[in-house]
Amino acid sequence: MTAGAVGTSGVSGRRGHVVDPHTGEPADQLVSATVIGPDLAVADAYATALYAAGPTGLVWFRNGSDYRALFAHRRP
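Residues numbered from 1 in each chain as written. Predicted model: local features only at pLDDT ≥ 70, side-chain atom pairs only at ≥ 80, totals over all residues. Heavy atoms only, no water.

Student: Mind laying out the packing of aromatic side chains, listing which residues take part and the relevant values?
Tutor: Across all of its chains, the model carries 1 aromatic pair by this definition. On the basis of an interplanar angle of 70 degrees and a centroid distance of 5.5 Å, the ring pair of Y46 and Y67 is categorised as edge-to-face. Remark: Y67 occurs in the loop between α1 (40–53) and β3 (68–73) and Y46 occurs in helix α1; sequence separation between them is 21 residues. (Phe/Tyr/Trp six-rings, centres within 6.5 Å; stacked < 30°, edge-to-face > 60°. Helix = DSSP H or I, 4+ residues; strand = E, 2+ residues; numbered from the N terminus.)

If you want it as structure tokens, here you go:
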């Protein structure tokens, strides 16, 4: 990339540091959530929120914005 930022949140580093807001337990529905956009702080915040929310987080994610999201799901 020559402009913009990539923010990722997931289980590769500090396992259990992101809490699922629905259960109060560590988030574990996804392997990771990555957000690409113009600002690193916003991309990172979106990635953490989407990772915590799990696959249903895309319902509130702004589709019409300059940010794009990608999920890595666990294998069944």
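Back to the write-up after that little detour.
Student: How would you explain the sheet that holds β3 if you had to name every residue and give the values?
Tutor: Overall, antiparallel pairing links the 3 strands, which are arranged β1-β2-β3 in an open sheet. Single-partner strands in this sheet number two, and they are β1 (5–10) and β3. For this sheet the average axis-to-axis angle between neighbouring strands, irrespective of direction, equals 15 degrees. (Pairing = 2+ DSSP bridges. Axes fitted to C-alpha atoms, helices over the stretch in contact; angles between N-to-C directions.)

Student: Please set out the confidence of the model for the protein residue by residue, giving values where relevant.
Tutor: Averaged over every residue, the pLDDT of the protein is 83; the share at 70 or more is 91%. For the protein, the element scoring lowest by mean pLDDT is β3, at 87; α1 scores highest, at 91. (pLDDT = per-residue confidence, 0-100.)

Student: Go over the side chain of T34 with me, naming the residues and quoting the values.
Tutor: With respect to the helices, strands and loops of the structure, T34 is situated in strand β2 (residues 30–37). We classify T34 as buried; its relative accessible area is 17%. One polar contact links T34 to T8, side chain to side chain, over a distance of 3.0 Å. Those residues in contact with T34, other than ones at most four positions away along the chain, are V6, G7, T8, R68, A69 and L70. (Buried < 20%, exposed > 50% of the residue type's maximum accessible area, 1.4 Å probe, protein only. Polar contact = N/O pair within 3.5 Å; in protein donor to acceptor, adjacent residues only side chain to side chain. Contact = heavy atoms within 4.5 Å.)

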